Every structure is written in C-alpha cells, then in structure tokens.
Amino acid sequence: MILTLPAVNKNDDIEILRAVAILFTLILHVKIILSSSYDHFGWFFRTTDLSIGVDLFFVISGYVITNSLKASVKPGSHSRATLILSFWIKRIYRLLPAAWLWVIVAIVFYMTTSQLDDHLIQLIAAALNVMNLYTAYCFSNPSETFFCADVSYMNVFHMNSHYWSLSLEEQFYLIFPLLFFFLNRKVFLLLLTIAILLQLFWHRPFFTFGWFLKTDGLCWGVLLSFLSSSAVYKHPGNWLEKNRRPALLFFFMLIGLLPVVSANTQGLCNTAKPYGVGLIAFLSAILVWMASYNHNLFGNRTRYKKVMLYLGSRSYSLYLSHLAIFMILDTGRVRLIPQFGSPLQEHLVVAFLIFLAISLSLLASELTYRYIELPFRNRGRGISKTVLAKHTL
C-alpha cells in the first residue's frame, strides 16, 4: 500500500520553484558524464551557473519552515520546549532516513570498487550533517592527505558531495527554532536583517568557508514568512493576481537570467564579486515572494503543471539520489569510451548514458519517495502529534 500525505495548504507555485531548482541541479551535474563531449557544451557551462538551484532551495526552506513554526504556535496550548521537540522530531524523520539511505548506497558502491578507505571520512561527514564544514576544511587545506584523501579543486564531485547543502540546512533547523521561540520578535527580525546586510558584501568565492556557510537565502525565506503576515504584504499580491501574464513573463525572464547573472558574479577566487552570493539570494527571494501568494502565477497549463508539481514533490529524493547515479554511470563511461574509436560513437554513448542517468534518477527518486521519504515523514508526524498530546498545557 502506498502511503499518502494530506494536502494541507499546498502552494503550487512553491512546488514549481522546487522543480526549477532540482532541474538546475540535474543539468549542472550532467557535465560529470559529458567527458570529451563537454567541449561542445563548454560555452553553456561557462556562461551559466546552475548551482543557483541550491540558493532557491535555501530561500524556499527558510520560508516554508518558518510558516510551519508559525502555524504550530497556539496561545496556551504547548510550552516552547515541547514545540521545539515536536519540530525536531518531524525534521529528523522527514530528512535523515532518505539521506542515510543514499549514504549506504555510496558505501556499498565504494566497497565494490575498493575505494571505501578514500571516502570513509566523507561518508561519516555526510551522515553526521557536517559535510559543508568538512568540505570547506579540505578545500582550505589542500595539503591535507589524511582527512581529505579525495577532495580537491581537481576532484570536486563525489557521491555525497552535494550533502554540503543538506548539512547547512540541518544546522539551520537545529538552531532556528531556538531563536524563533526564545527571542523577542522585533529583535529577531532585526537580527535577520543585519545577517542579510552583513553577508551582502562578503566576498565568498566557490568552495571557501563563506560559500559553504552562506545563510543569505535561509534568512530571506524566514523574513518573507514574517512579512507575509503583514497587511501591506497583501497589496502586491492582489496586483500580481490581476496581472498574471506579466507575472508569468517576469518569472520566466528571471529564471532565465539567474544562471547568467550568477555566472558573472559568483566564481572561483578573485573572479567572484563581493556581492555575488548576496545578489543571487535576493533574486531567489523575489521568486519565492511571488510564489508565496499561492495565486498560480507560474503557469497553469495542465501537462506542464503536472510535470512540475511531480518534480517538485520528488525534489528532495531526486536531489539525494541523482549524483550517486551519475557518478556510478560515469564509472561505466570511463570503461566504455576507450572501446569506441570515432567521436560520433563516443557522443552517442555519452548521450545514451545521460538519458539513462536521468531515467534511473527519476526511478530512484520515486522509490525513495514512496518507500522511505513518505512513510518516515508520516511516522515523524505521528510521533510529533503524540508528543504534543502528552504535553498539552
């Protein structure tokens, strides 16, 4: 039997943004398989930066999680400690089982290829949600050979390298509810604003500590959630609802511009502008702001919307699974390519592997969603409700 979650206040525009974010990420990582075919697409990856999918995810997470915490607050019903515990239980069951599953997949793969020793510390960092700190340390200490056997600028990707963003979010989920429940609301909003402004002109090139600890997007999401409760917030939403076509046009224009703007403002070393990360977080926040009204601004064509909503709902499982599958198939590419003499044959093999990678990633995400993510999410909600029921004031 397939377990399903009730659709509570579902925001289709937010789900479409999730789909956009995961599509950016998938396309970015396709270059792992391209091999020499990369030469034909190098212009695309040089002129666009699709890592912005993660920035979109950060703003969405900040917004959605803050809405969830706001909804849990009912005067006189539960203590702050109980609400925090309930929140943590739901986050643990929502995120960790699926994440750990794909760490186990990586362990099995590395064992079969005799690479486990080189990747063991990475796997531990991924499982403990400190991948961002571990990876930043390795890039900052290139001569470190014991802890960072296989992490360098020449070898950016491994099967769980994308867990750095999951680690940052988990660290945020650990600290954020404490600030939410124990800080005065005005003080909290002031701190959010200061955090955004301080990071706006912080020079954070790719793979530095600052880049792996960027919280701009999360702060913007939290701020948007608080602002959405104000009366002033409703007026722009009314205008957008009456002007759907211009809003949809602006959505596609900004989605198209984001990777180009990022490629020209974010980067390695001195090629990164001081305001690059902050600017991308702000532009991502504009998209989430538009989505927050839940007016179906981002397209309502039936087939397009079904596909995007499907991808949005599976975006977490797809994010977890795709890189492992891409890396496994890249191992196959390395073994297959030498058997083909002509460039055409090589390109056909690469095209087939990319098609296979996307197909297997979709299949893996569906299985992960149905049999790991969804059941454990429901289980976490059940335990959370039990905790709340036992500690009602």
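Before any of the text, the structure's been laid out above.
Residue numbers here run from 1 along each chain, matching the order of that chain's written sequence. Two thresholds apply to this predicted model, a pLDDT of at least 70 for residue-level local features and 80 or more for giving and counting side-chain atom pairs, whereas whole-chain, interface and lining totals are computed over all residues. Note that water and hydrogens are dropped before the side-chain values are worked out from all heavy atoms of the structure.

K.L.:
An account of the side chain of threonine 66 is requested, with residue identities and associated values reported.
P.N.:
Note on placement: threonine 66 falls in helix α3 (residues 52-72). When its relative accessible area of 0% is taken as the criterion, threonine 66 is described as buried. Contacts of threonine 66, omitting those with residues within four sequence positions, involve Phe176, Phe180, Val222, Ser225 and Phe226. Where helices and strands are cited, they refer to DSSP runs of H or I of at least four residues and of E of at least two residues respectively, numbered from the N terminus. For every residue, the accessible area obtained with a 1.4 Å probe (protein chains only) is divided by the maximum for its type, and the residue is called buried under 20%, exposed over 50%, and partly exposed between those limits. Only heavy atoms enter the contact rule, under which two residues are in contact if any of them lie within 4.5 Å.

K.L.:
How would you sum up the packing of helix α4 (residues 80-112) against helix α7 (residues 163-182)? Please name residues and give values.
P.N.:
What counts as an axis is a line fitted to C-alpha atoms, over the stretch in contact for a helix, and the angles between N-to-C directions run from 0 to 180 degrees. Direction vectors running N to C along α4 and α7 enclose 175°, while the axes themselves pass 10 Å from each other. In terms of axis orientation, α4 runs roughly antiparallel to α7. In contact with Arg80, Leu83, Ile84, Phe87, Trp88, Arg91, Leu95, Leu96, Ala99, Trp102 and Val103 of α4, α7 contributes Tyr163, Glu170, Tyr173, Leu174, Pro177, Leu178, Phe181 and Phe182. For this classification, the nonpolar set comprises Ala, Val, Leu, Ile, Met, Phe, Trp, Tyr, Cys and Pro, the charged set comprises Asp, Glu, Lys and Arg, and every other residue, Gly included, is treated as polar. Tallied by class, the residues present in the contact of α4 with α7 amount to 16 nonpolar, no polar and three charged. Throughout this description, any angle smaller than 35 degrees is read as roughly parallel, any larger than 145 degrees as roughly antiparallel, any in the 65 to 115 degree range as roughly perpendicular, and the remainder as oblique.

K.L.:
Kindly report on the environment of leucine 56, identifying the contributing residues and their values.
P.N.:
When you line up the elements, leucine 56 lands in helix α3. On the basis of relative accessible area, leucine 56 is assigned to the buried category, the value being 0%.

K.L.:
Quick one: what's the story with the pattern of salt bridges, residue by residue and with numbers?
P.N.:
For salt bridges, the criterion is a side-chain nitrogen of Lys or Arg within 4 Å of an Asp or Glu carboxyl oxygen. A full pass over the atoms with the stated rule returns nine salt bridges. Here arginine 94 ties to glutamate 373 by a salt bridge, and the two come within 2.8 Å at their closest N and O atoms. Here arginine 94 is found in helix α4, whereas its partner glutamate 373 is found in helix α16 (residues 343-390), with 279 residues between them in sequence. By the burial criterion, arginine 94 is buried, and glutamate 373 matches it. The salt bridge partner of arginine 314 is glutamate 366, with a shortest N-O separation of 2.9 Å. Taken together, the residues arginine 314 in the loop between α14 (302-313) and α15 (315-336) and glutamate 366 in helix α16 connect sequence positions 52 residues apart. According to the relative accessible area criterion, glutamate 366 is buried, its value standing at 11%.

K.L.:
Kindly report on the nonpolar core, identifying the contributing residues and their values.
P.N.:
The biggest cluster of nonpolar side chains holds 110 residues, and the ones touching the most others in it are Leu17 and Tyr163. Here this core gets 14 residues from one element, more than from any other, and that element is helix α1 (residues 12-34). Ignoring sequence-local partners within four residues, the contact set of tyrosine 163 consists of Ala99, Trp102, Val103, Ala126, Met131 and Leu320. In this description, a nonpolar core means a group of buried Ala, Val, Leu, Ile, Met, Phe, Trp, Tyr and Cys residues linked to one another through side-chain atoms lying within 4.5 Å.

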